[in-house]
Amino acid sequence: MVALAKLAAGSYETLERELQATIKDLEAQALRYETAINNISQGICFFDTDERLILSNRRYAEIYRIAPEQLQAGLTLSELVERRLAAGTSSMAADAYLALARSVNSGTTSRIWTAKLADGRTIKVCHQPMPGGGWVSTHEDITELAASRQIADERISLQTLIDWVPDYLWVKDTESRFIVANRALAHDSGRDKTSDMIGLTDFDLHAPELAQKFRLVEQNVLSSGRPMIDEEEFVVDASGAVKWLSSTKVPLRNVKNELIGLVGIAHDITARKQEDVLRDGQARILEMIAMSAPLEKVLDHLMRLVESQLTGIFGSVLLLDKDGTHLRHGAAPSLAKEYTALIDGIAVGSKVGSCGTAVYRREPVIVTDIMQDPLWEDYRELVTPYGYRSCWSTPILSHQGDVLGVFAMYSMTVREPVEAETRLIEFTTRIAGIAIERKLAEDQIHFLANHDVLTRLPNRALLEDRLSQAVLYAQRYDRWVTVVFIDLDNFKLVNDTLGHNAGDELLKTLARRMVECVKATDTVVRLGGDEFVIVLFDQPTNVDLISESLQTIREAIAAPIHIAEHCLRTTASIGIANYPKDGANPQTLLANADAAMYRAKEFGRDNFQFYTPEFNSRAHEKFVLQGELRNALVRSEFSLLYQPQVDLRSGRVIAVEALIRWTHPTQGVVAPMTFIPTAEETGLIVAIGDWVLHEACRQNKAWQDAGLPRVTICVNVSARQFRERNLVSRVVNALRDSGLEARHLELEVTESLIMQDIELAVATMNELQELGVQISIDDFGTGYSSLSALKTFPVARLKIDKSFIDNVADDENDQAVVSAVISLGQKLNMRVIAEGVETEDQVAFLLKNNCDEMQGYHYSKPVSAQAIGKLLKAAAWPPVHPRPRQQQPD
Ligand SMILES: Nc1nc2c(ncn2[C@@H]2O[C@@H]3COP(=O)(O)O[C@H]4[C@@H](O)[C@H](n5cnc6c(=O)[nH]c(N)nc65)O[C@@H]4COP(=O)(O)O[C@H]3[C@H]2O)c(=O)[nH]1
């Protein structure tokens, strides 16, 4: 357009000149352009939209080995492909190539790829679509670069590969020398570079035994040609840590299949192994706890288990003392023994190292540097010689949250626990808590099984054991053992009058006193109720010295005891048996001390008796007696005698006392005092008493039915009978069966019987009185009746005990007592009868002192029912103090 304008305006010559110049310029420009294109190092070609070649350079012709003249403009893409195929520089078949090229050409973005030519060269192709259609592509021969890259890649990637593997990887020759080792193996073998491993053997890295073990395994692989797969092995690495490995060792062959060494790979399974050890260890410890293994052993195992999991850690368990203020050694298998001895018994407090403080605070105390932490200020000197630098303590708690002890981990380095250690602390304190709690529960069960809960003294179960030990000791050292059997007198009275709490308090006080007055090696046992046994260990072979100890015990028991507002004095019946004189074994000694105690009771209580062999024959007799008594009722061997009771003023028989007799098949007539106590002990008295009641009522009714003057029949009731709940209904039965009116029956109860349980006694007496039955107090004066209590008793008569009557004629004291009782009884509206009256003087005294009635040999011994019948039949009553008409021997 510019040229035409000029043509219109100027001359042709000018135009031609300008045109020539422009053509020249363009030609020069094209030449420069072609020169430039031909001189670049990459092949280049341009194609138009019709896939016809616009331009290609020389390098392109060179790369594809096509003569430049065969690459004229206008050449089609498929013709070009044909030429490359012919030149052997195509990367694929013609169709495939055309398909690929067209798919690339249809895109709008550039693509780069590497083509591998048929002649082996590698060409990098960069393809760029042109805005108006067609494309330009550059081609670079990178054959050499690719080759060197490949070599570099292979080399670098193999080492990199194996170095990145955290497992151990190695290749060894047939002499077990390392040819290749990865970084992990070199590092753990203490080598800086992997190349430092080359040529080394296991003997350069491990202890000889371990190296030999590896050598044998590898030689086995090499000689058999069979791989070893996933075998567990352990090594000690350069840092001294033990590692468990799962190793695979495979024979290595060259292309000719010749054995040239082996390839090994080993995977670190230490963590898994530790988990296994921990799991197995935990199971083992729980089993030990379940099997009641000693606590020290369980804790020792636990500490070793903890230490097996960690490196450079020492475990320790301290147990909280019963007093709750001190810590005792529990287990610390790896701590220095001297150190554990020094901290044994350490106090709990706010600044007592890690352990004492952790228990005090009831929370973990982590001391990372013992040398700096103020909690250790007072203990630094103590710990310094052992080099412990950090101590992490955690209280061991029961499931209820009570502190049982403390677990500590000591380390020689200044640090705090890592996560794994914290987990292990939790695990350990939990297991230790279970073990300690179990032990405490067992101790408690054991204590309860062997001790009396009230007094906390050993019980019968422990007695034999302690006594056996004492006997063994005495045997060996030629000493004595003294067994003291103690039965408190009238303990029941305290229980009944002051209540069970007072009784318990009394027992506890006496138990404490007994313990205080014997040696620590002696044993005080509560057998139950009010019975105690003391085993005096290691006694001198001298009865006098033993008596001294006994006297101390008696005094301890007798000292006043203040309970609430009461001041009590207790006495005891004590029996003593000594080893070896009175028995060679615990059972005999106990039985003989018991027999001696009974003897003391028979002797009127509040005394002690040494065992003598006669006690045994007595015990034997008692045993036989019991058997015979059981049969006596069935065989009707019992009978009753009757002793008259006379009105002192009128001389009339106003009552008769029924007194039992036993006609023994071989011994003849046996007096009641011989068998009544045994009948009481065995309970047979209840049946016997029932029989007496029925027989006495029946006899009295028989006398009445015979038309004889009416008298009261007096029947003795024993304590045991009185305690029977159905005493009243038994009395009702006897009255009903006999048809006797209640007012003609009197029950004699002893003063001590009433005092055993005043409330119950008064209630029963009231019931009987309501029936119309009379009550009298037998043996009055021997018991403990207080006057105020006496007033409340529904009692018709007091019987003054024979012991006061015996000497009443001469003894002023007895006279005073008897006259006092007479006036007392009369003031209380009771009649008073004197028992055991034998002489005229006694009668005279009684008459003078206004006694109401009397009973005794002076008038009549106990006689048969017939004799009483005759006596009653006599029409004329004897004068005031006559001799009886007839007397039969008792
Ligand atoms: N030396 C002497 N003794 C005299 C005289 N007057 C009476 N006695 C004896 O004194 C005892 C009086 O009976 P007790 O005090 O109830 O003492 C009775 C009573 O406690 C008990 N007893 C007797 N029969 C029975 C019974 O059927 N049941 C119960 N539970 N105990 C009975 O046995 C005890 C002794 O009975 P006995 O041997 O029959 O002895 C009787 C009687 O024979 C006397 O002037 N001089």
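Calculation criteria
Residues numbered from 1 in each chain as written. Predicted model: local features only at pLDDT ≥ 70, side-chain atom pairs only at ≥ 80, totals over all residues. Heavy atoms only, no water. Helix = DSSP H or I, 4+ residues; strand = E, 2+ residues; numbered from the N terminus. Contact = heavy atoms within 4.5 Å. Phe/Tyr/Trp six-rings, centres within 6.5 Å; stacked < 30°, edge-to-face > 60°. Buried < 20%, exposed > 50% of the residue type's maximum accessible area, 1.4 Å probe, protein only. Near = heavy atom within 4 Å. Polar contact = N/O pair within 3.5 Å; in protein donor to acceptor, adjacent residues only side chain to side chain. Nonpolar A, V, L, I, M, F, W, Y, C, P; charged D, E, K, R; others polar. Pairing = 2+ DSSP bridges. Axes fitted to C-alpha atoms, helices over the stretch in contact; angles between N-to-C directions. Parallel < 35°, antiparallel > 145°, perpendicular 65-115°, else oblique. Left-handed = near helix turned anticlockwise from the far one by under 90°. pLDDT = per-residue confidence, 0-100. Expected span 1.5 Å × (residues − 1).

- By the naming in an unreviewed UniProt entry, the chain goes by EAL domain-containing protein and is assigned to Mesorhizobium huakuii.

Some remarks on the overall build of the chain
Here is step 1 of the chain: For the chain, the helix and strand inventory stands at 32 helices and 32 strands.
Here is step 2 of the chain: If you take every contact in the chain between residues at least 6 apart in sequence, the share linking residues at least 24 apart comes to 57%.

Some thoughts on the packing of aromatic side chains
Here is step 1 of the chain: Under the criterion given, the structure shown has 17 aromatic pairs.
Here is step 2 of the chain: Centroid distance phenylalanine 234 to tryptophan 244: 5.5 Å. Interplanar angle 50°. Geometry classified as tilted. Placement of phenylalanine 234 in strand S8 (residues 228-236) and of tryptophan 244 in strand S9 (residues 242-253) is noted, with a sequence separation of ten residues between them.
Here is step 3 of the chain: Assessed through its relative accessible area of 29%, phenylalanine 234 is described here as partly exposed.
Here is step 4 of the chain: According to the relative accessible area criterion, tryptophan 244 is partly exposed, its value standing at 28%.
Here is step 5 of the chain: Ring centres of tyrosine 339 and tyrosine 388 lie 5.3 Å apart, and the angle between their planes is 65°; this geometry places the pair in the edge-to-face category.

Points about the site of the ligand
Here is step 1 of the chain: As a structural note, the neighbourhood of the ligand is formed by 22 residues, with Glu657, Asp778, Glu835, Glu838 and Tyr857 the closest of them.
Here is step 2 of the chain: A distance of 3.1 Å separates a nitrogen atom of the ligand from a polar side-chain atom of glutamine 643.
Here is step 3 of the chain: Along the lines of polarity and charge, the residues of the shell around the ligand split into nine nonpolar, five polar and eight charged.

Considering the pairing of strand S12 (residues 326-331)
Side-chain positions along a regular strand alternate between the two faces of the sheet.
Here is step 1 of the chain: Bridge analysis of strand S11 (residues 313-320) against S12 gives four bridges, and the strand direction is antiparallel. Bridging across to S12, leucine 318 finds its partner in histidine 329.
Here is step 2 of the chain: Hairpin connection from S11 to S12: five residues lie between these consecutive antiparallel strands, with glycine 324 at a positive phi of about 75°.
Here is step 3 of the chain: Looking at chain direction, S12 and strand S13 (residues 346-347) are connected through two bridges and run antiparallel. Among the inter-strand pairings, leucine 327 is bridged to a residue of S13, identified as isoleucine 346.

A look at the sheet that holds strand S5 (residues 135-141)
Here is step 1 of the chain: As summarised here, the arrangement of the five strands in space is S2-S1-S5-S4-S3, forming an open sheet in which the pairing is antiparallel. Each edge of the open sheet carries a strand with a single partner, namely strand S2 (53-56) and strand S3 (111-116). When strand polarity is set aside, the average angle formed by the axes of neighbouring strands in this sheet is 20°.
Here is step 2 of the chain: Relative to S5, strand S4 (residues 122-129) is paired through seven bridges, and the arrangement is antiparallel. Bridging from a neighbouring strand, valine 125 pairs with histidine 139 of S5.

Points about the environment of valine 863
Here is step 1 of the chain: Mapped onto the elements of the fold, valine 863 is located in the loop between strand S32 (853-854) and helix H32 (865-873).
Here is step 2 of the chain: When the C-alpha positions of valine 863 and alanine 658 are compared, they lie 9.5 Å apart, and in sequence the two are 205 residues distant.

A look at the packing of helix H25 (residues 727-738) against helix H27 (residues 758-771)
Helix-helix packing is described using two parameters, namely the angle between the two axes and the distance between the axes.
Here is step 1 of the chain: In the contact formed by H25 and H27, the axes pass within 10 Å of each other and the chain directions differ by 25°. Taken as axis vectors, H25 and H27 run roughly parallel relative to one another. When the axes of H25 and H27 are compared, the crossing they make is right-handed. Contacts from Leu727, Val728, Val731 and Val732 in H25 reach Thr764, Glu767, Leu768 and Leu771 in H27.
Here is step 2 of the chain: Here the residues of the contact of H25 with H27 are counted per class, giving six nonpolar, one polar and one charged.

Considerations on the sheet that holds strand S19 (residues 531-539)
Here is step 1 of the chain: Taken in spatial order, the five strands line up as S18-S19-S17-S22-S23 in an open sheet, and their pairing is mixed. Taken across any chain shown, the strands that pair with only one partner, and hence form the sheet edges, are strand S18 (523-528) and strand S23 (607-610). Sheet twist, expressed as the average angle between the axes of neighbouring strands with direction ignored, equals 20°.
Here is step 2 of the chain: Looking at chain direction, S18 and S19 are connected through five bridges and run antiparallel. Each bridged residue has a counterpart across the sheet, and for valine 525 the counterpart in S19 is valine 533.
Here is step 3 of the chain: Packed on one face of the sheet, helix H16 (residues 460-477) meets strand S17 (480-488), S18, S19 and strand S22 (572-579) and runs near 20° to S19.

Some thoughts on the environment of lysine 861
Here is step 1 of the chain: Checked against the element boundaries, lysine 861 lands in the loop between S32 and H32.
Here is step 2 of the chain: Residues lysine 861 and glycine 836, 25 residues apart in the sequence, show an inter-C-alpha distance of 9.6 Å.

Quick look at the confidence of the model for the chain
Here is step 1 of the chain: On average, residues of the chain score 88 in pLDDT, and 94% of them reach the 70 mark or higher.
Here is step 2 of the chain: Segment residues 1-5 is flagged for pLDDT under 50; beyond a separation of four residues in sequence, or across chains, it makes one contact in the model.
Here is step 3 of the chain: Scored below 50 in pLDDT, residues 875-890 makes 44 contacts in the model with residues more than four places away or belonging to other chains.

Focus: the environment of aspartate 705
Here is step 1 of the chain: Positionally, aspartate 705 belongs in helix H23 (residues 684-705).
Here is step 2 of the chain: The class of aspartate 705 is exposed, set by a relative accessible area of 56%.
Here is step 3 of the chain: Residues aspartate 705 and leucine 740 lie 35 residues apart in sequence; the distance between their C-alpha atoms is 10.0 Å.

Focus on helix H18 (residues 500-516)
Here is step 1 of the chain: For H18, which comprises 17 residues, the first-to-last C-alpha distance of 24 Å matches the rise-based estimate of 24 Å (1.5 Å per residue) to within 8%.
Here is step 2 of the chain: Along H18, the residues classified as buried are Ala502, Gly503, Leu506, Leu507, Thr509, Leu510, Ala511, Arg513 and Met514.

Quick look at the packing of H23 against H25
Here is step 1 of the chain: In the contact formed by H23 and H25, the axes pass within 9 Å of each other and the chain directions differ by 35°. Classified by chirality, the crossing of H25 by H23 is right-handed. Note on element contacts: H25 touches H23 through Arg730, Val731, Asn733, Ala734, Leu735, Asp737 and Ser738, opposite Val686, Asp690, Leu693, His694, Cys697, Arg698 and Lys701.
Here is step 2 of the chain: Partitioning the contact of H23 with H25 into residue classes produces six nonpolar, three polar and five charged.

Remarks on unusual backbone geometry
Here is step 1 of the chain: Note that the residue after tyrosine 579, namely proline 580, is joined by a cis bond; omega there is 5°.
Here is step 2 of the chain: Here the phi dihedral of arginine 362 falls at roughly 60°; this positive angle occurs in a residue that is not glycine.
Here is step 3 of the chain: Looking at where arginine 362 falls in the secondary structure, it is placed in the loop between helix H13 (355-361) and strand S14 (365-367).
Here is step 4 of the chain: Judged by relative accessible area, arginine 362 falls into the partly exposed class, the value being 47%.

Here we look at the side chain of serine 738
Here is step 1 of the chain: Of note, serine 738 is situated in helix H25.
Here is step 2 of the chain: Serine 738 gets classed as buried once you look at its relative accessible area, which sits at 15%.

Observations concerning H16
Here is step 1 of the chain: For H16, with 18 residues, the first-to-last C-alpha span of 26 Å sits near the 26 Å given by 1.5 Å per residue.
Here is step 2 of the chain: Where H16 is concerned, the buried positions are Leu462, Leu463, Leu467, Ala470, Val471 and Ala474.
Here is step 3 of the chain: Where H16 is buried, its residues contact helix H15 (419-450), S17, S18, S19, S22 and helix H20 (586-602).
Here is step 4 of the chain: Regarding H16, its N-cap is asparagine 459, as a side-chain oxygen of that residue lies 3.0 Å from the backbone nitrogen of alanine 461 further along.
Here is step 5 of the chain: Downstream of H16 by a residue or two, aspartate 478 has a phi angle that is positive, lying close to 55°.

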